[in-house]
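# Structure assessment
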Amino acid sequence: MSETIRITNLSKLYDGRAILKDIDLTIETGEFMCIIGPSGCGKSTLLNLIGGFIERDSGSITLQGQPVLRPNQECIMVFQEFDQLFPWKTVKGNVEFPLRNNPHRYSKERIEELSETYLDMVKLKDFKDFYPHQLSGGMKQRTAIARALVTTPKVLLMDEPFGSLDIQTKSELHQTLLEIWKRTRTTIVFVTHDVREALHLADQIIILKDGGVYQRIENNIKDSEETMKKIMGFLSP
Amino acid sequence: MKRLGIILSLLCLVLVSGCTAQESDSHEKVIRIAEQYGIAYAPVQIIKDQGLLEKNCPGVQVTWEQMSNSTVIREAMVSDKLDVGFMAIPPFLIGWDNGMDWKIATGLSSVPTGLVAKDEIQSLQDIKSSDRIALPQPGSVQHILLAMACQKEFNDPQKMDNILVTLSHPDGMNALLAGNDITAHFTSTPYLETELATAGYHEILTGKEAFGGDFSFIVGVTTKKLHDESPEVYEAFKESVAEAIQFINDHPEEAAEILTKYYDYSKEDIFTYLTAEDTEYSPTVKGIRKFSDFMNETNYLKKSTTDIGEVVWENTADAEY
Amino acid sequence: MQNIKAIFNKSYSKYIWIVIILIVWEAVAKLTPVSPLVFPSLELIGAALLNSILTGDILFQMLFSLGLIFVGLIIGVVLSFVMSSLSVISPVFESFVDTCISIFDPLPGIALLPLIILWIGTGTKAILFIIVHSVLWPMILNMTAGFKSIPTIYKKIGQNYEFSSAKIIFKIYIPASLPYLIAGLKIGWARAWRATISAEMIFGASGGIGGIGWYIFNRRVFMDTPGIFAGLVMIVFAGILVEDFFFVKIEEKTVKKWGLS
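Scoring rules and cut-offs
- Residues numbered from 1 in each chain as written.
- Chains lettered and ligands numbered in written order.
- Predicted model: local features only at pLDDT ≥ 70, side-chain atom pairs only at ≥ 80, totals over all residues.
- Heavy atoms only, no water.
- Pairing = 2+ DSSP bridges.
- Helix = DSSP H or I, 4+ residues; strand = E, 2+ residues; numbered from the N terminus.
- Axes fitted to C-alpha atoms, helices over the stretch in contact; angles between N-to-C directions.
- Salt bridge = Lys/Arg side-chain N within 4 Å of Asp/Glu carboxyl O.
- Buried < 20%, exposed > 50% of the residue type's maximum accessible area, 1.4 Å probe, protein only.
- Expected span 1.5 Å × (residues − 1).
- Arc of directions from axis to C-beta.
- Contact = heavy atoms within 4.5 Å.
- Polar contact = N/O pair within 3.5 Å; in protein donor to acceptor, adjacent residues only side chain to side chain.
- Parallel < 35°, antiparallel > 145°, perpendicular 65-115°, else oblique.
- Nonpolar A, V, L, I, M, F, W, Y, C, P; charged D, E, K, R; others polar.
- Buried area = accessible area lost by both parts, 1.4 Å probe.
- Left-handed = near helix turned anticlockwise from the far one by under 90°.
- Patch = residues over 30% accessible without salt bridge, like charges linked within 9 Å, V, L, I, M, F, W, Y side chains within 5 Å.
- Areas by Shrake-Rupley, 256 points an atom, 1.4 Å probe, with all protein chains shown as cover.
- pLDDT = per-residue confidence, 0-100.
- Domains from an automatic or database assignment.

A few words now on the sheet that holds strand E6 (residues 132-135) of chain B. Residues and elements named next belong to chain B. Read from one edge of the open sheet, five strands run E7-E6-E8-E5-E9, paired in mixed fashion. This sheet does not close on itself; its edge strands, each paired only once, are strand E7 (164-166) and strand E9 (201-206). Recorded for the sheet is a direction-independent mean angle of 30 degrees between the axes of neighbouring strands. As paired strands, E6 and strand E8 (residues 182-188) are joined by three bridges and run parallel to one another. By the bridge assignment, Ala134 is partnered in E8 with His185.

This is how it looks when you write it as structure tokens:
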């Protein structure tokens, strides 16, 4: 396996206080990595640094050997907020949006084909002409995932995307996400504060604590109570 | 259905009460006069200051209403908010033509009026479609005088109608002297004199030339209601105007002193204006027929006067028809 | 009763009210002893309107006024777009624009008239100036509010796909703030009408046939009361037309459809 993202000596300060310090982390191609940790530990900050949305204070981040200096198409972010969809576009319009306006031009047929494929993957084919205000929260997040994947980025960054959903919808989306991951083998970096969610989804779990990588856990057996106990142990102060 | 009935009856109530509110008429002696300012209205200020109405009709209750132009005065007289107004003959004729029940009671004044233009413009012939002429409003005496001049000069009274800009005398003067798009201004004392005293401007047409003779610039008009229902108040009004005019003509210096209270000019300036050669205060009404015939021919009026009794109350002896 | 309620809930209830008002109007004109100079009957108004349409310039004057409003609104929209975009980008410019708004917004255009006469004159330019002045400030307020209401993640999404700033503005910011833009345009339209009518009443024809404000003013000085109402009818008619066939349609196609209203 080759590495997709390499983070070395990364630090980020807020108001002179280090929120992240000297982080070293590599993410292999095709990995599903969950980042967990207590709130305020810098999980979201780390994700935004990887995406290039905020500037680092020191250290380096590379994506396939290239330094990350600004947001780019190879690292697409999915947010927790439902209003990440554009209300003036239908589900299909939202999914096609990045293709239609892409600096890299797609043909009409290709756009049609790609949007159909990903709408199918997130199981929204029957809702493609709906406007966001007509959708449930789960459907909105499905649309957002389809939109993020439609340009076939190398990395999908997910910032607690299911944080505002009820348990039932959440587990449906977990299943869909895992299916998509198995099919596309996109590298996913997933931030959550829900340990069970991480145990269910990830094959690598990073525990972020006190501004650094506290533990890296190979999550070979999904939903294991033992790993759960272990992680809770790490997280307790 | 009941609710709808209530709503409808409330609506009727509002309408009816609105209509009857003004009907509460007491039979006391009342006169409501429009108060306008300017050299041409000097007798009005004298009447007010000397209490002439109160003297000539003891017990009369005088109400002075501040009004800015003859259109407002006309509308106030239509809606029975005013008994007496002062205006030029053309706005009076427009009201008469449209069926207003009013007539001229007295003449008041003639003051210099004329068209002031930039020096480049030597005559009406020089006025191009890109020029703009400021005057108080269409239908004003200035407008009709201009139309009369255009009739003579171009055989087309409406020739200038599309380059008119409606501005009050002071705004018109400022616009002319600012040197922007306004290139001529049809105005009267004292704005006329101020403009002519400014370098670069001269008079290309006087009111007298345009009219072809003398005419009353301002006349006093009263409603039929005042004339018929309160004859002693009407007589007192006429008497007061005559006395005020007499006073200005006999004692111009004293009159000027009084007028300093009302106008923003020095006593000397007012005295000069009052006694100027072209300024005349007189109860005689002049020029009605000519205005009426011209405005009828040029479609500013639908009809013309056939008899002086139609437009002047019984004192026709005071009018030069 | 239920039936009556149902009638007034419909979209055409406005027209029912107009008919009722007309009936009441006619009844007052006919059954009460008011002078036709004060309260002309519908026939007189209708005749005056027809006469003005057939022999006069009222339709052209209406078009002239609408043309002025159109040009004024376009200038206003462009200026307010530039000014509100800049004030969203730069805090320094924002404080400048805020100051301008607090100085100029409460100033009625008509109050500026003496200055406008001295500086600009009395022609079409002066009327346009008054229109732009009266629409600019409320539209800037609306647009700035619209831009500020855009979720910050929209910008992140645009950056994520490596869009140019122009693309972010036109493809994301403008549609995202459209409800505010439409509201601003509605206010602008209403204020532009008022400004145009009052400016035309003062400045007159200035070199042409003039606008509908000039028409009304002329009817007034020549004491043609039915003519005044004919002019008002035209203005009301244009207002309803624009409201019902322009703004309502735009809203149906956009904000209503998107669930943003």
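Residue and element names in this part refer to chain A. Counted under the stated rule, the structure contains 33 salt bridges over all chains. A salt bridge links Glu96 to Lys92, with the shortest nitrogen-to-oxygen separation between them at 3.1 Å. In this pair, Glu96 and Lys92 both sit in helix H2 (residues 91-100), four residues apart, roughly one turn of the helix. Across the pair, exposure class does not vary: Glu96 and Lys92 are buried alike. The partner of Arg110 in a salt bridge is Glu113, with the nearest N and O atoms 3.2 Å apart.

In this section: helix H5 (residues 91-104) of chain C. Residues and elements named next belong to chain C. With 14 residues, H5 extends 20 Å between its outermost C-alpha atoms, agreeing within 8% with the 20 Å of an ideal straight helix rising 1.5 Å per residue. Three or more residues of H5 are buried, namely Val97, Cys100 and Ile101. With its buried residues spanning 100 degrees around the axis, H5 presents them on a single face. Facing away from the buried side of H5, by more than 90 degrees, are the exposed residues Pro91, Val92 and Ser102. At its buried positions, H5 is contacted by helix H4 (58-89) and helix H7 (124-148). Measuring from the side-chain oxygen of the N-cap residue of H5 to the backbone nitrogen of Val92 gives 3.3 Å; that N-cap residue is Ser90.

Attention now moves to the packing of helix H3 (residues 42-55) of chain C against helix H12 (residues 225-253) of chain C. Residue and element names in this part refer to chain C. Two elements in contact, H3 and H12, have axes separated by 8 Å at closest approach and are oriented at 75 degrees. By the criterion of interaxial angle, the relationship of H3 to H12 is roughly perpendicular. From H3, Leu44, Ile45, Ala48 and Leu49 reach across to H12, where they touch Pro226, Gly227, Phe229, Ala230, Val233 and Met234. Taken together, the residues of the contact of H3 with H12 break down into nine nonpolar, one polar and no charged.

This brings us to the pairing of strand E5 (residues 113-118) of chain B. Sheet faces and side chains relate simply in a regular strand, where the side chains alternate between the two faces. Residue and element names in this part refer to chain B. Within E5, six of the six residues are buried, which leaves it mostly tucked inside the rest of the structure. Pairing between E5 and E8: five bridges, direction antiparallel. Residue pairing for E8: Gly114 is matched across the bridge by Thr187. With five bridges joining them, E5 and E9 adopt antiparallel strand pairing. From the neighbouring strand, Ala117 faces E9, where its bridge partner is His202.

Here we come to unusual backbone geometry. Note the cis peptide between B:Thr189 and B:Pro190, where omega equals -5 degrees. Mapped onto the elements of the fold, B:Pro190 is located in the loop between E8 and helix H8 (191-196). Phi is positive for A:Asp223, close to 60 degrees, though the residue is something other than glycine. With respect to the secondary-structure elements, A:Asp223 resides in the loop between strand E10 (212-218) and helix H7 (225-235).

Time to look at the interface of chain C and chain B. Taken together, the contacts link 30 residues of chain C with 33 residues of chain B. Among the residues of chain C in contact with chain B, C:Arg220, C:Phe222 and C:Met223 are the three that bury the most area, contributing 23% of the side total. Remark: the boundary between chain C and chain B carries one salt bridge. In this structure, the salt-bridge partner of B:Glu75 is C:Arg220, at a minimum N-O distance of 2.7 Å.

The next subject is the packing of helix H10 (residues 178-203) of chain C against H12(C). Residues and elements named next belong to chain C. Here H10 crosses H12 at 165 degrees, and the two axes come no closer than 12 Å. As far as their axial angle goes, H12 and H10 are roughly antiparallel. Note that H10 runs across H12; the crossing there is right-handed. Taken together, the residues of H12 that come into contact with H10 (itself represented by Ile182, Leu185, Lys186, Trp189, Trp193 and Ile197) are Ile235, Ala238, Gly239, Val242, Glu243, Phe247, Ile250 and Glu251.

Looking now at the interface of chain A and chain C. With 25 residues of chain A at the contact, the number on the chain C side is 19 residues. Between chain A and chain C, roughly 2,200 Å² of surface is buried when both sides are summed, and carbon and sulfur atoms account for 65% of that area. Looking only at chain A, the three residues that lose the most surface to chain C are A:Phe79, A:Trp88 and A:Asn101, adding up to 29% of its buried area. Applying the counting criterion to the chain A and chain C interface returns zero salt bridges.

This part is about a nonpolar patch on the surface. Residue and element names in this part refer to chain C. Together, Phe70, Val71, Ile74, Ile75, Val78, Leu79, Val82, Leu86 and Ile89 line one region of the surface with nonpolar side chains, adding up to about 770 Å² of accessible area. One can find Ile74 in helix H4. With relative accessibility at 42%, the residue Ile74 sits in the partly exposed group.

Attention now moves to the confidence of the model for chain B. All names here are of chain B. Per-residue confidence for chain B gives a mean pLDDT of 88, with 90% of residues at or over 70. At the low end of the mean pLDDT range in chain B sits helix H1 (residues 2-20), at 60; at the high end sits E5, at 95. A low-confidence stretch, residues 19-26 stays under pLDDT 50, and its non-local contacts, those more than four residues away or across chains, total two contacts. Two numbers describe this predicted complex: its pTM, 0.78, and its ipTM, 0.89.

Quick look at the arrangement of the chains now. Ranking the two pairs of chains in contact by number of contacts places chains B and C first. Spatially, chain A is disjoint from chain B: no contact exists, and the shortest C-alpha separation is 40 Å.

Turning our eyes to something else, we now look at the domain arrangement of chain B. Residues and elements named next belong to chain B. With domains assigned, chain B is organised as domain 1 (28-111 + 217-320) and domain 2 (113-211). In this complex, domain 1 contributes 20 residues to the contact, which on the side of domain 2 involves 21 residues. Summed over both sides, the interface between domain 1 and domain 2 buries roughly 1,700 Å², with carbon and sulfur atoms accounting for 68% of that surface. Applying the counting rule to domain 1 against domain 2 returns zero salt bridges. Seen at the junction of domain 1 and domain 2, the total is five residue pairs in polar contact (both at pLDDT 80 or more). In terms of residue count, the dominant contributor to the side of domain 1 that touches domain 2 is helix H14 (residues 288-297) (four residues).

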